[in-house]
Amino acid sequence: MQFGIFTVGDVTTDPTTGRTPSEHERIKNTVAIALKAEEVGLDVFATGEHHNPPFVPSSPTTLLGHIAARTEKLVLSTSTTLITTNDPVKIAEDYATLQHLADGRVDLMMGRGNTGPVYPWFGQDIRQGIPLAIENYALLHRLWREDVVDWEGKFRSALQGFTSTPRPLDGVPPFVWHGSIRSPEIAEQAAYYGDGFFANHIFWPKEHTEKMVRLYRQRYAHHGHGTAEQAIVGLGGQIFMRKNSQDAVREFRPYFDNAPVYGHGPSLEEFSRETPLTVGSPQEVIERTLSFREYVGDYQRQLFLVDHAGLPLKTVLEQLDILGEEVVPVLRKEFANLRPAGVPETAPLHPAVTRTTDTRNQEA
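Just so it is clear, the model here is predicted, and its values are computed rather than measured.

The rules behind the values
- Residues numbered from 1 in each chain as written.
- Predicted model: local features only at pLDDT ≥ 70, side-chain atom pairs only at ≥ 80, totals over all residues.
- Heavy atoms only, no water.
- Buried < 20%, exposed > 50% of the residue type's maximum accessible area, 1.4 Å probe, protein only.
- Helix = DSSP H or I, 4+ residues; strand = E, 2+ residues; numbered from the N terminus.
- Pairing = 2+ DSSP bridges.
- Right-handed = clockwise from strand over helix to strand, strands pointing away.
- Contact = heavy atoms within 4.5 Å.
- Core = buried A, V, L, I, M, F, W, Y, C linked by side-chain atoms within 4.5 Å.
- Salt bridge = Lys/Arg side-chain N within 4 Å of Asp/Glu carboxyl O.
- Expected span 1.5 Å × (residues − 1).
- Polar contact = N/O pair within 3.5 Å; in protein donor to acceptor, adjacent residues only side chain to side chain.
- Axes fitted to C-alpha atoms, helices over the stretch in contact; angles between N-to-C directions.
- Parallel < 35°, antiparallel > 145°, perpendicular 65-115°, else oblique.
- Left-handed = near helix turned anticlockwise from the far one by under 90°.
- Nonpolar A, V, L, I, M, F, W, Y, C, P; charged D, E, K, R; others polar.
- Phe/Tyr/Trp six-rings, centres within 6.5 Å; stacked < 30°, edge-to-face > 60°.

Caption draft 1: Focus on the pairing of strand 9 (residues 196–199). With burial as the criterion, each face of strand 9 is covered, one bearing G196 and F198 and the other bearing F197 and A199. Note: strand 8 (residues 175–179) against strand 9, three bridges, orientation parallel. Across the sheet, W177 pairs through a bridge with G196, a residue of strand 9. A crossover connection joins strand 8 to the parallel strand 9 through helix 6 (residues 184–193); in handedness this β-α-β unit is right-handed.

In structure tokens form, the structure reads like this:
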């Protein structure tokens, strides 16, 4: 099981102090958070991609390339890469380059994003979101697997005898997740290619997530990639922890109430009851996270959102200490004990990462 964190990179005023970090500060803090994630023993750090205020991660590969140079074990990913408004040729080039720089410690999550205006900014039509996602990924998939590509589609100029450079490290493309909250077409796309499906169920009740994951698993088996239980599933979640739940709720409430996404809506208690948001003690986070398995089955990656809504860096780093010291070790053991034989433990890793891990284990 892989455990990690993802960030949306929001620049949000701290409602308890009235202080708003600068973009420079937020970017630097994001790097500090990623380094802390590796320090406390997490497996994955993922960044979103946004091209509008109040978000800063408009260049994920630049950020992840810098983090790659300062880490050794952390798998670097996205949450998400905009497959609809990025040119698939540029995605192929950028993430293959990152893969080389990180010695294979790279995968990425394809998605459409949740910001409508980004489509015309990049010359696209939001009404074509699903067709764009399907066509662009079909091209990207070929660019990483065929040395010379002839291609013609609806949304970009044709390619004749085109070779994407650099080629993927050792000829092995980065593993791809397809992230979706609400679109069954994306679950089908992930299943068709035998890729991973990431259900970022931070805004939806478990019943909805259960249906999406079940569809993906059924179609994964239908397309001949393995059994439904062997499909590669990832989940997102939001947490905030203190030693006891009362302190956690009291401290997090002003951040929740004023968050740019869900603030001024349902109460913290309502949102926690209807979605996976868990604000409480480490034990409560452990129990809630283990309960996800009851409706999605055994899965391979769990990412937590811990740095949103204006939380100061000091608090975020404290959350990572708790996550690494008190929560993840228990979750690793429990998920491993529950996992049936034949079900993948993690998402596929690049062979270069596996070789490095084996060497470290032998030296230890």
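Next, the rest of the story.
Caption draft 2: Representation of the environment of I91 in the model. By the element assignment, I91 lies in helix 3 (residues 88–101). The spatial distance from the C-alpha of I91 to the C-alpha of L140 is 7.5 Å, given a sequence separation of 49 residues. For I91, the contacting residues outside a window of four places in its chain are T81, L82, I83, N86, A96, L108, M110, L140 and W144.

Caption draft 3: Summary view of the nonpolar core. Formed by 96 residues in total, the largest nonpolar core has its most connected members in I5, Y216, F252 and L323. Per element, the largest residue contribution to this core is eight residues, and it comes from helix 11 (residues 313–338). Non-local contacts of I5, meaning those with residues more than four positions away in its chain, are made with I33, A37, L42, V44, F45, A46, L303, F304, V306, L320 and L323. In this structure, L82, V118, Y119 and L132 belong to the second largest nonpolar core, which totals five residues.

Caption draft 4: Representation of the pattern of salt bridges within the structure. According to the stated counting rule, one finds 21 salt bridges in the structure shown. Across the pair D298 and R293 runs a salt bridge whose closest N-O atoms are separated by 2.8 Å. Linked by salt bridges that have partners in common, R242, E251, K314 and E318 make up one network.

Caption draft 5: Structural context of helix 5 (residues 129–143). With 15 residues, helix 5 ought to run about 21 Å at 1.5 Å a step, and its terminal C-alpha atoms sit 21 Å apart, in line with that. Across the 15 residues of helix 5, 11 count as buried, placing the element largely inside the fold. Here helix 5 has its buried residues at G129, I130, L132, A133, E135, N136, Y137, L139, L140, H141 and L143.

Caption draft 6: Geometry of the environment of T13. Tracing the chain through its elements places T13 in the loop between strand 1 (2–7) and helix 1 (23–39). In sequence terms T13 and K154 are 141 residues apart; their C-alpha atoms lie 42 Å from each other. If near-sequence neighbours (up to four positions away) are discounted, T13 is found in contact with G18, R19, T20, A309 and G310. Polar contacts involving the side chain of T13 include one to the side chain of T20, which spans 2.4 Å.

Caption draft 7: Quick look at the pairing of strand 2 (residues 44–47). Covered by surrounding structure in strand 2 are V44 and A46 together with F45 and T47, the residues of both alternating faces. Taken together, strand 1, helix 1 and strand 2 form a β-α-β motif whose crossover is right-handed. Here four bridges tie strand 2 to strand 3 (residues 75–78), and the two strands are oriented parallel to one another. Each bridged residue has a counterpart across the sheet, and for A46 the counterpart in strand 3 is S77. One crossover worth recording links strand 2 to the parallel strand 3 by way of helix 2 (residues 60–69), and it is right-handed.

Caption draft 8: Structural view of the packing of helix 10 (residues 282–296) against helix 11. The geometry of helix 10 relative to helix 11 is characterised by a closest axis approach of 10 Å and an angle of 30° between their N-to-C directions. The pairing of helix 10 with helix 11 is recorded here as roughly parallel in orientation. Where helix 10 crosses over helix 11, the handedness of that crossing is right-handed. On helix 11, the residues touching P282, V285, I286, T289, L290 and R293 of helix 10 are I322, E326, V327, V330, L331, E334, F335 and L338. Looking at the contact of helix 10 with helix 11 residue by residue, the classes come out as 10 nonpolar, one polar and three charged.

Caption draft 9: How the structure looks around helix 1. Helix length check: helix 1, at 17 residues, gives a terminal C-alpha distance of 24 Å against a target of 24 Å (1.5 Å per residue), a fit within 8%. Residues R26, N29, T30, V31, I33, A34, K36, A37 and E38 constitute the buried set of helix 1. On its buried face, helix 1 sits against strand 1, strand 2, helix 2 and helix 11. Positive phi shows up at G41, right after helix 1, with a value of about 95°.

Caption draft 10: Representation of the packing of aromatic side chains. Applying the stated criterion to the full structure yields 11 aromatic pairs. Centre to centre, the rings of Y137 and Y193 are 4.9 Å apart; their planes meet at 90°, and the pair counts as edge-to-face. With Y137 in helix 5 and Y193 in helix 6, the pair connects residues that are 56 residues apart, well separated along the chain. Relative accessible area serves as the criterion here: at 1%, Y137 is assigned to the buried category. An aromatic cluster is built from F3, Y299 and F335, whose rings are joined through pairwise contacts.

Caption draft 11: Representation of the side chain of Q99. Here Q99 is to be found in helix 3. In terms of polar contacts, Q99 uses its side chain to reach the backbone carbonyl oxygen of V172, at 2.8 Å. Leave out the neighbours within four places in its chain, and Q99 touches G104, V106, P168, L169, V172, P173, P174 and H350.

Caption draft 12: Up close: unusual backbone geometry. Here P53 and P54 are connected by a cis peptide whose omega angle stands at 5°. Residue T165 is joined to P166 through a cis peptide bond whose omega torsion reads -5°. Its identity as a non-glycine residue notwithstanding, D103 has a phi of 55°, on the positive side. With respect to the helices, strands and loops of the structure, D103 is situated in the loop between helix 3 and strand 5 (107–111). Positive phi, close to 55°, is recorded for D170, a residue that is not glycine. Following the sequence through the fold, D170 ends up in the loop between strand 7 (159–162) and strand 8.

These figures come from the coordinates and say nothing about function on their own.
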